[in-house]
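Architecture at a glance
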Amino acid sequence: SMKGAELAYHLLRACGSNISIVFIGDPNQLPPVDAGAMLRDAIAHGLAPVVKLGTCHRQAGDLKRNCNAILEGVVEPTVRTEVGAYPWYLRDNLNSPARVIDAVKGLFTKYLEAWDYDPATDVQFLTAKHAGPLGTTFLNRYCQWMHQTRLGETIGEPKADDGGTAVLMVGDKVIVVKNEYELNVMNGEQGMVLETRPNLVVRFDGREVEFAGK
């Protein structure tokens, strides 16, 4: 699903007439970073025979039911069928950035811990863009402010229009966005900041990694 048009073009150009290719993927997953959406378009336009695997063996329960409902255009609150916290809530009154931020703050300061979730290690917020009042840049700073306040640090509450970016502090949750082969840390790994001076030190799954000069 993440194969872009250019890579698909060069792959197919390199194949001879006696080679068969089987593409396996999910057109509902993330689109390619590059231009084009080869798998989705090939299925939509009937460019090759398609076999759809209809039985899900990986996920079960409420999450599976909600995912299937969304694909069918149905969005509704979860009917509780399992023990534990609801995995899905529908909030249809969050129709402004301010209301969304208030909901995030309420989750962080009240509900998550009541549901036995650690806001820093068990939870992720998903948003569609980097900029703006609901982008990753501001939400990262806002979540950092709530988390550091919880740890006893005093930092000012960020504003969406001040244009600032997060400065890492001890206790922050971080994600690697570039493979660091020399440190054996790969894109997507998540960790907790242990030190920021003189160098950044992050704990990943029980091992400490020092990012000298980063």
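Conventions used here
- Residues numbered from 1 in each chain as written.
- Predicted model: local features only at pLDDT ≥ 70, side-chain atom pairs only at ≥ 80, totals over all residues.
- Heavy atoms only, no water.
- Axes fitted to C-alpha atoms, helices over the stretch in contact; angles between N-to-C directions.
- Helix = DSSP H or I, 4+ residues; strand = E, 2+ residues; numbered from the N terminus.
- Left-handed = near helix turned anticlockwise from the far one by under 90°.
- Contact = heavy atoms within 4.5 Å.
- Nonpolar A, V, L, I, M, F, W, Y, C, P; charged D, E, K, R; others polar.
- Pairing = 2+ DSSP bridges.
- Phe/Tyr/Trp six-rings, centres within 6.5 Å; stacked < 30°, edge-to-face > 60°.
- Buried < 20%, exposed > 50% of the residue type's maximum accessible area, 1.4 Å probe, protein only.
- Lys, Arg positive; Asp, Glu negative; His and termini not counted.
- Salt bridge = Lys/Arg side-chain N within 4 Å of Asp/Glu carboxyl O.
- Polar contact = N/O pair within 3.5 Å; in protein donor to acceptor, adjacent residues only side chain to side chain.
- Arc of directions from axis to C-beta.

Some points on the packing of helix α4 (residues 97-114) against helix α5 (residues 136-150)
Contact geometry for α4 and α5: axes closest at 11 Å, N-to-C directions at 35 degrees. The handedness of the crossing between α4 and α5 is right-handed. Across the interface between the two elements, I101, V104, K105, F108 and E113 from α4 touch F138, L139, Y142, C143, W145, M146, H147 and R150 from α5. Its residues placed into classes, the contact of α4 with α5 shows nine nonpolar, one polar and three charged.

A short note on the sheet that holds strand β3 (residues 200-204)
The antiparallel open sheet is built from four strands, whose spatial order is β1-β2-β3-β4. Each end of this open sheet is capped by a strand with a single partner; those strands are β1 (173-175) and β4 (207-211). Recorded for the sheet is a direction-independent mean angle of 40 degrees between the axes of neighbouring strands. Both β1 and strand β2 (residues 190-195) contribute to a ladder of three bridges, which runs antiparallel. When the sheet's bridge partners are listed, I175 is paired in β2 with Q190.

A look at the pairing of β2
Examined bridge by bridge, β2 and β3 share three bridges and lie antiparallel to one another. Across the sheet, the residue bridging to V193 is V202, located in β3.

Side note on the packing of aromatic side chains
For the structure shown, the criterion picks out four aromatic pairs. On the numbers, 5.7 Å between centres and 50 degrees between planes, the contact of F138 with Y142 is tilted. Within this pair, F138 and its partner Y142 are both found in helix α5, separated by four residues, close to a single helical turn. An identical accessibility class is assigned to F138 and Y142; each is buried. A network of ring pairs unites the aromatic residues F138, Y142 and W145 as a single cluster.

Structural notes on the side chain of D172
For D172, the position within the fold is in the loop between α5 and β1. Summary of buried charges: D172 has no salt-bridge partner, and the nearest side chain of opposite charge, R150, is 10.0 Å away. A polar atom in the side chain of D172 sits 2.6 Å from the side chain of Q144. At 2.8 Å, the side chain of D172 and the side chain of Q148 are in polar contact. Ignoring sequence-local partners within four residues, the contact set of D172 consists of Q144, H147, Q148, V167, G191, M192 and V193.

Looking at helix α3 (residues 62-71)
Taken together, the buried positions of α3 are occupied by D62, N66 and A69. Taken around the axis of α3, the buried residues stretch over an arc of 60 degrees, which confines them to a single face.

Notes on unusual backbone geometry
The linkage connecting R197 with the following residue, P198, adopts the cis geometry, with an omega of -5 degrees. Within the secondary structure, P198 sits in the loop between β2 and β3. The phi angle at D116 is positive, at roughly 70 degrees, despite the residue not being glycine. When you line up the elements, D116 lands in the loop between α4 and α5. On the accessibility criterion, D116 (68% relative accessible area) is exposed.

Looking at the environment of V50
Note on placement: V50 falls in the loop between α2 (38-44) and α3. The class for V50 is partly exposed, based on a relative accessible area of 48%. Remark: the alpha-carbon pair of V50 and V22, spanning 28 residues in sequence, is separated by 9.9 Å.

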